[in-house]
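Given next are the chains, with one letter for each unit.
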Amino acid sequence: MSTSRLQSGSKQVNIPIDIVIMPLQSNPGDLPLLIEAKSASDYTNPNKRSH
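Residues numbered from 1 in each chain as written. Predicted model: local features only at pLDDT ≥ 70, side-chain atom pairs only at ≥ 80, totals over all residues. Heavy atoms only, no water.

Undergrad: If you had to explain the overall build of the chain to someone new, which residues and values would you point to?
TA: Across its full length, the chain carries zero helices and four strands. Sequence-ordered secondary structure for the chain, helices as α and strands as β, is β-β-β-β. Counting all 51 residues of the chain, 4% fall into the buried class. Taking the intrachain contacts of the chain between residues at least 6 apart in sequence as the baseline, contacts between residues at least 24 apart amount to 3%. Taken as a whole, the chain presents about 5000 Å² of accessible surface, with 52% of it coming from carbon and sulfur. (Helix = DSSP H or I, 4+ residues; strand = E, 2+ residues; numbered from the N terminus. Buried < 20%, exposed > 50% of the residue type's maximum accessible area, 1.4 Å probe, protein only. Contact = heavy atoms within 4.5 Å. Areas by Shrake-Rupley, 256 points an atom, 1.4 Å probe, with all protein chains shown as cover.)

Undergrad: Account for the confidence of the model for the chain, with residues named and values stated.
TA: On average, residues of the chain score 75 in pLDDT, and 61% of them reach the 70 mark or higher. Mean pLDDT across the elements of the chain bottoms out in strand β1 (residues 2-6) (51) and peaks in strand β3 (residues 19-21) (93). (pLDDT = per-residue confidence, 0-100.)

Undergrad: If you had to explain a nonpolar patch on the surface to someone new, which residues and values would you point to?
TA: A cluster of nonpolar residues, I19, I21 and L33, forms a patch on the protein surface that exposes about 260 Å² of accessible area. Take I19: it is sitting in strand β3. (Patch = residues over 30% accessible without salt bridge, like charges linked within 9 Å, V, L, I, M, F, W, Y side chains within 5 Å. Salt bridge = Lys/Arg side-chain N within 4 Å of Asp/Glu carboxyl O.)

Undergrad: Just give me the short version of the environment of V20, but keep the residues and values in it.
TA: Relative to the helices and strands, V20 is located in strand β3. Considering only alpha carbons, one finds V20 and L34, 14 residues apart in sequence, at a separation of 4.8 Å.

Below is the structure:
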């Protein structure tokens, strides 16, 4: 689960996250790269191509 900061406050957003990458030389306050890994056969993928 991720929390997104907005100018008016914070809002909770549910995002499935599989990988979190934070560079070793990051500065305090830097945000990590959040990746959701999906399979080509994942039925929830809206970009799925039909064969």
